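These are the residues of each chain, in order.
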Amino acid sequence: AIPTLPETIKHANMADVSPMAPAFSKIFSQSLSKVSDIFFAPNGQYAILTENGKKYLTEAETGKRQKIVFPKYEDLVWSLDGDYLYFLEEGRKSGLQRMTQYSRNSGEEKVIVYFQRAIFEAILHLSDDGKVLLIIDKSTEPASLYLVDIEKKSRERIFDAKNILDANSSPSKKYILY
């Protein structure tokens, strides 16, 4: 049996997605027995679905899918407008870990910064203006916090702290809350 839309969205751990429900009806019109993960863009117009172990960038209005290769969802963050995805990945040529920006429109990937030491367990947050990424490196104890300036293509390790579960910056970007 095909689950109803509210059951599917509840399964996807979405708190309030009622505005997305009509737009994503094409995605959910097929059997979801093979869909293991759904990661919505903040604007509700796009989602990344994992089906049979493969990831697809999916458009809400049309249900159109494009196969993509990204790391696990914990290492991904959407821009608020759904135009870009940011993620950590191992550099293809250098072997260094890098922060990459993926354009949903063009399919182009741009390297923002490289990291000398790999971050194996990360939490990513993008500022509301889309200019700064906050990265929490939970693979070390104490955890390290980094700020990545997307426009300047620079990174700065801010500080290390114990017992960080999550963090975010204030709207002014003057404060880090953790």
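The structure we're discussing is the one just above.
Criteria and cut-off values
- Residues numbered from 1 in each chain as written.
- Predicted model: local features only at pLDDT ≥ 70, side-chain atom pairs only at ≥ 80, totals over all residues.
- Heavy atoms only, no water.
- Phe/Tyr/Trp six-rings, centres within 6.5 Å; stacked < 30°, edge-to-face > 60°.
- Buried < 20%, exposed > 50% of the residue type's maximum accessible area, 1.4 Å probe, protein only.
- Helix = DSSP H or I, 4+ residues; strand = E, 2+ residues; numbered from the N terminus.
- Lys NZ or Arg CZ within 6 Å of the ring centre and 35° of its normal.
- Core = buried A, V, L, I, M, F, W, Y, C linked by side-chain atoms within 4.5 Å.
- Contact = heavy atoms within 4.5 Å.

Enquirer: Would you mind going over the packing of aromatic side chains with me for this structure?
Expert: The description of an aromatic ring pair rests on the distance of the ring centres and on the angle between the ring planes. Going through the model one piece at a time under the given rule, you end up with three aromatic pairs. Plain terms: the ring middles of Tyr 84 and Tyr 86 are 6.5 Å apart, the flat faces sit at 40° to each other, and that makes the pair tilted. Tyr 84 sits in the partly exposed class, given a relative accessible area of 31%. With 5.4 Å between their ring centres and 85° between their planes, Phe 115 and Tyr 146 make a pair best called edge-to-face. Of this pair, Phe 115 sits in strand S8 (residues 109–115) while Tyr 146 sits in strand S11 (residues 143–149); the two residues are 31 residues apart in sequence, bridging distant segments of the chain. Both residues of the pair, Phe 115 and Tyr 146, belong to the buried class. Between the NZ or CZ atom of Arg 65 and the centre of the ring of Tyr 56, over which it lies, the distance is 5.6 Å.

Enquirer: Just to check I follow, could you spell out the nonpolar core for this structure?
Expert: Nonpolar side chains in soluble globular proteins tend to be buried together. Ranked by size, the top nonpolar core spans 16 residues in total, and within it Tyr 86, Met 99, Phe 115, Leu 133 and Ile 135 carry the most contacts. The set of elements that each furnish at least two residues to this core consists of strand S6 (84–90), S8, strand S9 (122–126), strand S10 (132–137) and S11. Ignoring anything within four residues of it in the chain, the contact list for Met 99 reads Tyr 86, Phe 87, Leu 88, Lys 110, Val 111, Ile 112, Val 113, Phe 115, Leu 124, Leu 133 and Ile 135. Leu 57, Leu 76, Trp 78 and Leu 85 belong to the second-largest nonpolar core, a separate cluster that totals ten residues.

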